[in-house]
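Residues per chain are reported as follows:
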Amino acid sequence: MPISDHQLLRQHLLDPSDSALVTLINRHLPLVHSVARRVTANDEAARDISQTVFLRLVKKAKKIPPSLPLTAWFHRETHSASVDYVRSEIRRQKREQTAASLDAMNDTPEPWNQLAPEIDSAIDELSKNDRSLVLLRFYQNKTHPQIADELGIKEDAARMRTNRALEKLRTILTKRGITTSAALLASTLPTNAINPAPASLATSITTSLQTLPATTGTLAIVKTHLLTFGAITIGAAAVTTQQIKINRLQEAQHEGRLPPATSSSSSRSTFTPGTTNEPNLLAIFANPDPSERLHLLQQYSLHLPTNRISEALDLLRQKTPDWDSESKMLTHLLLTRWAKADPEAAFSSLDNANFSLERGHAISVLAALTSLNPQRTANWLTSPESSQAFYPVVGHILSGTIAKEWARQDPKAALAWSRTLADQQQAGAYSGVLGTIAATDPQKAASLALTLEPGDARDHILSEIAESWARHSPKEALAWTTKLDSDEKSHTTAVALKSWSETDPAKAAQYLDQQPNSNYLELIASQWSRRDPAKAANWVASKSQSPERNSALGKTLWNWTTQNPAAATAWVQSQPDGPAKDQALAGLAIAAVEFDPHTALEWAQKISESSFRDELTRRTFTTWAHRDPKTAHQWGKENNFKSDD
C-alpha cells in the first residue's frame, strides 16, 4: 500500500534530506502545473507558480491539518497563486491580446474549452469537504472505495457525497453562464483536468528546494517568490496593520474630516496622475464607529474630484483587503461617479476591460452607463467589436447587468431587447429583467417567466422568483409553485419554503402541517433549529414515524448540539427508545465528533438498532483515529472495540 501524502509530509519534516519531498512533488506536480497553466494560459507562469506552490508547502507543512487531503490543499494554493498572477498581469494586457484570446475561445466550442477558464475558480467556491471529494474523484481519478478509505467514511457515503458535490459544482457553473450536466462534468474532468508537467520541471523544483541552506533561507526564498506576484496581493490589509495612530485619527476627525467639494472639469476626465489626500481616506477606514465610517466614505465619494478618482482607486487597492465590503462599496461609488461624469471615457474603458477577471469594476461602470443610456449600452453589447461579450460567462453577466438597469426605467423595452439576444446573453438578460420585476411584482414576473423555453435559464429564474416572492407573501408564492409542472414544482416549492423558513419557520411549519406529505420536513426543521432548536425538535418529534421524520430529527439535533450540547442531550434522553431516538443520538454523535469524539462514541453506542449503532461507532472512531490515533486506540482497548483502522 503506497505511503499517504501526510505520512510523506511528516517524514519530510523529520528529515528534509529524505526523498519524501521528491515523492510529493512527483505525485502532485501534474495537478499543480495543470491548474496554473489553465488559469494563466502561460507556460512560463505555470512553471514559476508550480515552484512557488511547493515552496509554500515547505513553509506551511507544519500547519496543514491532517484531515485536509493534500490534493485539496495544492488545488487551493495553486488557484490562489494563479489568480494573483493574472491580476498582476491584467493591467498591462493590450486590447489586441485580450481580443485574440477570446476569439480563440469562441472558435473552440468543445465542452472543455468552455469549462477550462472557470472550472478551478468554481471548484474553489465549494466547501472544504465538497472540494476534497471533487478533486480526489475527478482530478486524481480515485475510486469511491479509495475516497472512502482516505476520508474515513463508508463507500456508499463517498459515492453519494461525491455526486452531490459534483451537482453543486454544476450549479456554480450554471450561475456563471456555463450550461452543463453532472454526467458531462464526470466524463470531461478526468481526461482534461490534469496533464503531464514538463519533464524537467520536477527536477528543477526538487533541486531548488533541496539545496536550500536552512529554514531561514527557505523563508527568504519563499518571500522572494511571493514578491514576484507583487501587484497581486490586491489587498494586504495595510489599513488594519498600520493602525493609524490615535492622535492622527483624532486630528483628522476634528478637522472636519473631508476637504470641501471642488468643481470637476467639464472636459473629458481621463485618469491623470495627481495627489490624493491619503491621510483623510486612511483615517476614515480607521474610524472605530461603523455608521460614521460609512457616512464619511459616502461623503468622500461625493466630494472627490473626478480627475482624482483613479488615484483613490489605486490607493484602495494598495491599502485595503480585497474582501473588505466597505472598500468595495467606495470603489463602486467612485466608478459610478466617474462613468456618469465622463461616459465617453467610460465606454472607452469598457472596450479595454477584461470582464472575466475584473468583473466588479467594469460592471459598476456598465451599470452607470446603462442608467444614462440603456440603448447605447445594449448596442455596445451586441456590436461585433465587443468580442468579449460573446464569451458565454461574460455575455451572461453583461446582458444581465444591462437588463437589470434598463428594467428599472422601461421593463417592456428591456424584455423586448432580451428576446432578441441568443444563448447565454439571453439567459442573463431574462434574469436581469424578471429578477428586477419580481422584487415589486412577482406575479407579473412569474407570468412572463412561464413564457420562456424550458431549460436551465427558466429553472433558474423560476427559483429566483419563488425565493423573492416568499419573502413577503409566502402563501401566494406557494400557491403559484403548486400549479407548475411536476419537475418545476418540486424545486420551486422547496426554494419558497426555505425562504419562508429563514424568516418565520413556525408559520412555515404550520403550513406544512396542512399538506398531505412531509417531503419538506427536513428543510424546515433545518432552518428552524438554527433559531429555536427546542421548538423545532418538538415539532419534528410530533410527526408520525417515517424515514423523513427520523432524518429531520437527526439534522435538528445536529444543529442543536453545535449550539447547546447540554440541552440537546437532555432532550434526547427524555425521548422513548426507537428509530426516532436513534436518529437523534446520531445527530448528537455526528455534531460532537468535531470537538469531543469520546462523548460522540458514547452517544453512538446508545443507539438501539445494532447495525446502525455499529456503523456509526465505526465511522466516529475512524474520524477520531485519523485525528488523534494514540488516544483513540487507547479508548478502543479500554472498551474492547476492534476497528480496521
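Below you will find a few notes about this structure.

Structural notes on the pattern of salt bridges
Next, step 1: Evaluated as defined, the whole model comprises 24 salt bridges.
Next, step 2: The salt bridge involving Glu467 is made with Arg471; its shortest N-O contact spans 3.6 Å. Placement of the pair is Glu467 and Arg471 together in helix 26 (residues 456-472), with a separation of four residues, close to one helical turn.
Next, step 3: Residue classification places Glu467 among the partly exposed residues on the basis of a relative accessible area of 33%.
Next, step 4: Overall, Arg471 belongs to the exposed group, its relative accessible area being 53%.
Next, step 5: A salt bridge links Glu615 to Arg618; the nearest nitrogen and oxygen atoms lie 3.1 Å apart. Here Arg618 and Glu615 lie together in helix 36 (residues 610-627), a separation of three residues that amounts to about one turn.

What to know about the packing of aromatic side chains
How two aromatic rings sit relative to each other is set out by the distance from centre to centre and by the angle between their planes.
Next, step 1: Counted according to the given criterion, the structure contains nine aromatic pairs.
Next, step 2: A ring pair is formed by Trp624 and Trp635, whose centres lie 6.3 Å apart and whose planes are at 55 degrees; its orientation type is tilted. Placement of the pair is Trp624 in helix 36 and Trp635 in helix 37 (residues 629-638), with a sequence separation of 11 residues. Each member of the pair Trp624 and Trp635 is classed as buried.
Next, step 3: Here the aromatic cluster, defined as three or more aromatic residues joined through ring pairs, consists of Phe54, Trp73 and Phe74.
Next, step 4: Here the guanidinium or amino end of Lys555 rests over the ring plane of Trp558, the centre of that ring lying 5.3 Å away.

Quick look at the nonpolar core
Next, step 1: Membership of the largest hydrophobic core comes to 98 residues, with the highest contact counts inside it found for Trp417, Ile465, Trp539 and Leu557.
Next, step 2: With seven residues, the single largest contributor to this core is helix 34 (residues 579-592).
Next, step 3: Sequence-distant contacts of Leu557, that is, excluding residues within four places in its chain, are made with Ala537, Ala568, Trp571, Val572, Ala584, Gly587 and Leu588.
Next, step 4: If you look at the next biggest cluster of nonpolar residues, it comprises 53 residues, including Val32, Val86, Ala148 and Ala165.

Focus on the side chain of Glu77
Next, step 1: Assignment of secondary structure puts Glu77 in helix 4 (residues 70-90).
Next, step 2: In this structure the side chain of Glu77 is engaged in a polar contact, spanning 3.1 Å, whose partner is the side chain of Lys60.
Next, step 3: In this structure, Glu77 is in contact with Val53, Arg56 and Lys60, ignoring residues within four places of it in sequence.

Here we look at unusual backbone geometry
For residues other than glycine, phi is negative in most cases, and the peptide bonds are mostly trans.
Next, step 1: Notably, Ala41 is not glycine yet its phi reads approximately 55 degrees, a positive angle.
Next, step 2: Along the polypeptide, Ala41 turns up in the loop between helix 2 (20-40) and helix 3 (43-60).
Next, step 3: Even without being a glycine, Asn141 presents a positive backbone phi close to 55 degrees.
Next, step 4: Its location among the elements puts Asn141 in the loop between helix 7 (128-139) and helix 8 (144-151).

Some points on helix 31 (residues 533-541)
Next, step 1: Turning to helix 31, its buried residues number three or more, namely Pro533, Ala536, Ala537, Trp539 and Val540. For helix 31, the angular spread of buried residues about the axis comes to 165 degrees, placing them on one side.
Next, step 2: Check the buried side of helix 31 and you find it contacts helix 29 (505-513), helix 30 (521-531), helix 32 (547-563) and helix 33 (565-573).

Cut-off values and rules
Residues numbered from 1 in each chain as written. Predicted model: local features only at pLDDT ≥ 70, side-chain atom pairs only at ≥ 80, totals over all residues. Heavy atoms only, no water. Salt bridge = Lys/Arg side-chain N within 4 Å of Asp/Glu carboxyl O. Helix = DSSP H or I, 4+ residues; strand = E, 2+ residues; numbered from the N terminus. Buried < 20%, exposed > 50% of the residue type's maximum accessible area, 1.4 Å probe, protein only. Phe/Tyr/Trp six-rings, centres within 6.5 Å; stacked < 30°, edge-to-face > 60°. Lys NZ or Arg CZ within 6 Å of the ring centre and 35° of its normal. Core = buried A, V, L, I, M, F, W, Y, C linked by side-chain atoms within 4.5 Å. Contact = heavy atoms within 4.5 Å. Polar contact = N/O pair within 3.5 Å; in protein donor to acceptor, adjacent residues only side chain to side chain. Arc of directions from axis to C-beta.

Any functional reading would require information beyond the geometric quantities listed.
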